[in-house]
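Each chain is listed here by its residues.
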Amino acid sequence: NGQEGCICTCTRTSRRALASNCPVQAHSDPLTTVAVSACGQFVASGDERGTAFLWDTASGEALFGLQHHTDGGHERITSMSFNSDGSQLVTACYDMSFCVWDTSTGDLRWKVPFAHDSPLQCIDCSPTNPSTFISVGSSEFEYTNTKMWNLRTRQLIREFSGAVFGKFSPDGQRIATVGGVTMQ
């Protein structure tokens, strides 16, 4: 219906508000990002003040409020992505941190406060490997870096320099980035 704060789900033939009380009342601040799980069971939404909500697409109900990006000044959630099996949600924040959430409980599994030396702009989970994701940090003025992480071991796998945005290919074999990239 085009209302601010409304999260809608669409198919090729129809569009409906995720929650019957659209605009969604769970967020009190403007929405900044949204993600859909590959299985279609979940939608996640993030806002200007660092709050995310996990929604059940069938019922339209908010399952969990996720609020660990609210530690300080610039908390805006900039990006989010579900891992390939939908069991975890990764949220990126302007404060250079990312959080990993368990979608069955809403529990915070892992938080890296200064994952990059500039605001996080992008998170993307591998579409084929449920334990791999990338994070991209950059500022308006410079390309910084892309990091590949392992969700299971909580380890940094690899780092690339010179990007402002990145996405996995559908087969999970390549990462496309905006900006010049150098593998380190």
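Structure shown above.
A short tour of the structure in this document, coming up. Note that the coordinates shown come from a computational prediction; the quantities given were computed from them, not determined experimentally.

Parameters at a glance
Residues numbered from 1 in each chain as written. Predicted model: local features only at pLDDT ≥ 70, side-chain atom pairs only at ≥ 80, totals over all residues. Heavy atoms only, no water. Pairing = 2+ DSSP bridges. Helix = DSSP H or I, 4+ residues; strand = E, 2+ residues; numbered from the N terminus. Axes fitted to C-alpha atoms, helices over the stretch in contact; angles between N-to-C directions. Buried < 20%, exposed > 50% of the residue type's maximum accessible area, 1.4 Å probe, protein only. Polar contact = N/O pair within 3.5 Å; in protein donor to acceptor, adjacent residues only side chain to side chain.

**Comments concerning the sheet that holds strand β6 (residues 62–66)**
Spatially, β3-β4-β5-β6 is the arrangement adopted by the four strands of the open sheet, whose pairing is antiparallel. Edge positions in the sheet fall to β3 (31–36) and β6, since each of these pairs with one other strand and no more. Between one strand axis and the next, the sheet turns by 15 degrees as a mean value, whatever way the strands run. With five bridges joining them, strand β4 (residues 42–47) and strand β5 (residues 52–56) adopt antiparallel strand pairing.

**Side note on the side chain of T91**
If you trace the backbone, T91 turns up in strand β8 (residues 88–93). Its relative accessible area of 0% is what places T91 among the buried residues. At 3.0 Å, the side chain of T91 forms a polar contact with the side chain of W101.

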